[in-house]
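Report on the structure
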Amino acid sequence: MSQTISQDPLYRSRAEIVLEVTFAILVCLASVLGNVLVVYVVNKYSEMQTIPNILIRNLALTDIIMATLNMPFWITSVCSGKWNLNQQWCEVSASVQQTIVLASLLTMGLIAMNRYMKVVKRTLYIKFFPSKRVAWLYFGFVWLVSVLFATPPSYGWGKINFDSHFLLCSFNWQEGHFSFVILLAGFFDVIMFAIFYFYWQIYQTVKESTDNVNANVAQNGVGAPRFHRTDIDVLKTCFTVVCFFLITWFPIALCTFIIANGGYIPREVAKVAVYLLFSSSVVNPIIYGIMNPQFKQAFKKVFRCGRFGNGNEDQSHARVVAVITHPKGN
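Basis of the calculations
- Residues numbered from 1 in each chain as written.
- Predicted model: local features only at pLDDT ≥ 70, side-chain atom pairs only at ≥ 80, totals over all residues.
- Heavy atoms only, no water.
- 1 Å grid on protein atoms, 1.4 Å probe; cavity = no way out; pocket = protein on both sides within 12 Å on 5 of 7 lines; lining within 4 Å.
- Points joined across faces, edges and corners; volume = space filled by probe spheres on them.
- Helix = DSSP H or I, 4+ residues; strand = E, 2+ residues; numbered from the N terminus.
- Nonpolar A, V, L, I, M, F, W, Y, C, P; charged D, E, K, R; others polar.
- Disulfide = S-S within 2.5 Å.
- Buried < 20%, exposed > 50% of the residue type's maximum accessible area, 1.4 Å probe, protein only.
- UniProt positions renumbered as here; feature names shortened; annotations may be inferred.

Now for empty space enclosed by the protein. Within the structure shown, the criterion is met by seven cavities of 30 Å³ or more. The space that makes up the largest cavity amounts to roughly 70 Å³. Looking at the largest cavity, the residues that line it are Ala94, Gln97, Gln98, Ala150, Pro153, Ile160, Ser170, Phe171, Phe180 and Leu184. For the lining of the largest cavity, the secondary structure elements donating two or more residues are α4 (87-119), β2 (168-171) and α7 (178-220). Considering every element that reaches the lining of the largest cavity, the biggest residue donor is α4, with three residues. Classifying every residue of the lining of the largest cavity by side-chain character gives seven nonpolar, three polar and no charged.

The structure is reproduced here in C-alpha cells:
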C-alpha cells in the first residue's frame, strides 16, 4: 500500500484512486445516457418539438459535449493525479471546458427566461420566442458569447495551468489577470441572479393565482381549485431547479472566488466541488426532462412501459403542467 501511495503525486491509496475514478466514470456515462435520451425523444416525436423542449434539447446537447470532449481528460487526470499531455493540450482542454460551462449556464438562463415570459410576461413571449428557428438562433448566440468569454487566456489575457486540487486544466485564479477574474465573476453573478429572479417571479405568480382561485372558491362555496395539482407541481419544479442549481454550481464558484482572493482550498473540498459541477450534466435531464409530464410520457413510450398520452386525465394534466413549467411555443 505504501508503494502505491508513493507513486501517486497526490499520495492517494489504491482504494482511493479506484473509488474516485469509478465515480468519475459513472458521472460521465450517466451524463451521456440521460442527455442522449432527452435528445432522442425530442427528435423522434413531433409533438415534443416545442420551443421550450428545443431549449431543453440544446442544454442536453451541451451536456453531451461536456461528457464526451472534456470529462475524459478529467477522468485520466483523476486516475494518474497529473496532466498527461503537453501544455498546449492543457490550454485547449481548459478553453473547451470553460466554453461548455458558460454555454450550459447561459442555456439554463435562457430556459428560465422562456418560462418566465410564458407565465409572467405573456405579452413579451411571442416577441422573444416567435418561432423554433429563433430558439436555434439563441443557441448559436449562447455559444458565440461562451467562446468570447472563455478564450481570452489563449490570447494572453490570463494564464492556464493544471490545478492539482481540481485535477483540471483551468484558468490560474491566483496568478492570472485579475481583470479577467472580475469579468468572469461578473458574468456568472449576472446569469445566476437572473435565473433566481425568473424562478422567483414564476413562483410568486403561480402562488398568487392559486390564492385567488382558492379565495374565489371559498367565497362562492362551490367548485374546487382546478389547477391546484398543477400549481404544486410548478412550485416543486421551481424549488428543485434552484436547489440543484445551488448544489452543483455554487461550490465551484465559491472555491474559485476564495482562490482568486488568495485563500486556500483543501484538495478534498476542491474534488467534491468538481464532482458536483460535472454532476449537473446528470441532474439536468432529470429536472428539465423527467420532471416534465410530456417527457415522462415520451420516455414511457420509448421503453414500452405505456402509451404516449395514455388516458384523458393524464393527457389533460400533462398539457396544463407543460404550459406552465415547460410552456409550449410555435
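On we go.
So, about the state of the cysteines. Applying the stated criterion across every chain yields a total of one disulfide. Shown here is the disulfide that connects Cys90 with Cys169, its sulfur atoms set 2.0 Å apart. Because the torsion about its S-S bond is -115 degrees, the bridge between Cys90 and Cys169 counts as left-handed. Placement of Cys90 in helix α4 and of Cys169 in strand β2 is noted, with a sequence separation of 79 residues between them. A single burial state applies to Cys90 and to Cys169, both of which are buried.

With numbering matched to this structure, UniProt assigns "transmembrane region" (unreviewed entry) to residues 17-42, 54-75, 95-113, 134-157, 177-200, 238-260 and 272-291. The distance from the first to the last C-alpha atom of residues 17-42 is 38 Å, and the span holds 100% helix and 0% strand. Between the first and last C-alpha atoms of residues 54-75 the distance is 30 Å; the span itself is 100% helix and 0% strand.

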